[in-house]
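Next come the chains, spelled out residue by residue.
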Amino acid sequence: TMREYRYQFNGDNVDNESLKKFVKDCVVDKTKERWLRSSDVTDSAEDIHYDIITANTFKDIALDSSLDVLVLYCTSWGRYCSPFMEEYNKLAKHVKTYYKNKSIKITYLDCDENDVDDVRVQAFPTMILYTGGTNKMDKGKLLSQQQRTMDDIIDFIDEFATSLDG
């Protein structure tokens, strides 16, 4: 499969030489950073218990090796996303209440407003647990599409969260 990579051109003139240099920097030398669409929304309403992350804050929060971070990837058009959000909010409230001394974070990434960079998201909703002790995206543990109840997700967190060891 082909992935779509976007880069931001920051030049004044688009001529033959500047375009060649830009493509070389992006594709060959890989010195240009990929551009990701990212929303500005980072705070949430009072009755929402999960943290909202964006494409720009993803690496700092989801890949923080000192935390276990569960990320929900959803869209507004996803058939199962809207009905699932209420259950996910209950889960976040449960984790804040019963795991408050643990390094577990429940987060949400709106895939309508943010590009998803190198993540195994093929259906919505998708949940991936990025466990503490690693800062690599491919080390995330994918919850199956059948694990959608709060009890199933809590069992998954109990099994894989590194902050619960001992």
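Above this text sits the structure in question.
Every value quoted in this text rests on a predicted model; they were computed, and no experiment measured them.

**Student:** Just give me the short version of the overall build of the chain, but keep the residues and values in it.
**Tutor:** Looking only at helices and strands, the chain features four helices and five strands. Helices and strands appear in the chain in the N-to-C order α-β-α-β-α-β-β-β-α. Looking at the chain as a whole, 37% of its 166 residues are labelled buried. Partitioning the intrachain contacts of the chain with sequence separation of at least 6 by distance along the chain shows that 65% fall at a separation of at least 24. Carbon and sulfur atoms provide 47% of the accessible area of the chain, an area that totals close to 10,500 Å².

**Student:** Which residues make up the packing of helix H3 (residues 81-98) against helix H4 (residues 150-160), and what values do they have?
**Tutor:** In contact at an axis separation of 10 Å, H3 and H4 are set at 45° when each is read in the N-to-C sense. Classed by the angle they form, the pair H3 and H4 counts as oblique. Viewed along their axes, H3 and H4 form a crossing whose handedness is right-handed. Between H3 and H4, the contacting residues are Phe84, Glu87, Lys90, Leu91, His94 and Val95 on the first element and Met150, Ile153, Ile154 and Ile157 on the second. Of the residues contributing to the contact of H3 with H4, the split by class is seven nonpolar, one polar and two charged.

**Student:** Let's hear about helix H1 (residues 16-28): which residues, and what values?
**Tutor:** Here H1 contains 13 residues, and its C-alpha end-to-end distance of 17 Å stays within 8% of the 18 Å for a straight helix at 1.5 Å per residue. Turning to H1, its buried residues are Phe22, Asp25 and Cys26. Considered in projection along H1, the buried side chains sweep an arc of 90° and stay on one side of the axis. The exposed residues of H1 that point more than 90 degrees off its buried face are Asn16, Glu17, Val27 and Val28. Just past H1, the residue Lys30 takes up positive phi, approximately 55°.

**Student:** If you had to explain the pairing of strand E2 (residues 68-74) to someone new, which residues and values would you point to?
**Tutor:** Two faces make up the sheet, and in a regular strand the side chains alternate between them. Of all the seven residues making up E2, seven are buried; the element is thus mostly covered by neighbouring parts of the structure. Here E2 pairs with strand E4 (residues 126-130) via five bridges, running antiparallel. Bridge pairing links Tyr73 to Thr126 in E4.

**Student:** Outline the nonpolar core, supporting the account with residue identities and numerical values.
**Tutor:** Ranked by internal contacts, the top residues of the largest apolar core, which has 24 residues, are Leu70, Tyr88 and Ile106. Mapped by element, the contributors of at least two residues to this core are E2, H3, strand E3 (104-110), E4 and H4. With seven residues, H3 is the largest single contributor of residues to this core. Discounting chain neighbours no more than four positions away, the residues touching Ile106 are Tyr50, Asp51, Leu70, Tyr88, Leu91, Ala92, Val95 and Ile157. Of all hydrophobic cores here, the second largest spans 14 residues; its members include Ile53, Leu67, Tyr73 and Ile128.

What counts and what doesn't
- Residues numbered from 1 in each chain as written.
- Predicted model: local features only at pLDDT ≥ 70, side-chain atom pairs only at ≥ 80, totals over all residues.
- Heavy atoms only, no water.
- Helix = DSSP H or I, 4+ residues; strand = E, 2+ residues; numbered from the N terminus.
- Buried < 20%, exposed > 50% of the residue type's maximum accessible area, 1.4 Å probe, protein only.
- Contact = heavy atoms within 4.5 Å.
- Areas by Shrake-Rupley, 256 points an atom, 1.4 Å probe, with all protein chains shown as cover.
- Axes fitted to C-alpha atoms, helices over the stretch in contact; angles between N-to-C directions.
- Parallel < 35°, antiparallel > 145°, perpendicular 65-115°, else oblique.
- Left-handed = near helix turned anticlockwise from the far one by under 90°.
- Nonpolar A, V, L, I, M, F, W, Y, C, P; charged D, E, K, R; others polar.
- Expected span 1.5 Å × (residues − 1).
- Arc of directions from axis to C-beta.
- Pairing = 2+ DSSP bridges.
- Core = buried A, V, L, I, M, F, W, Y, C linked by side-chain atoms within 4.5 Å.

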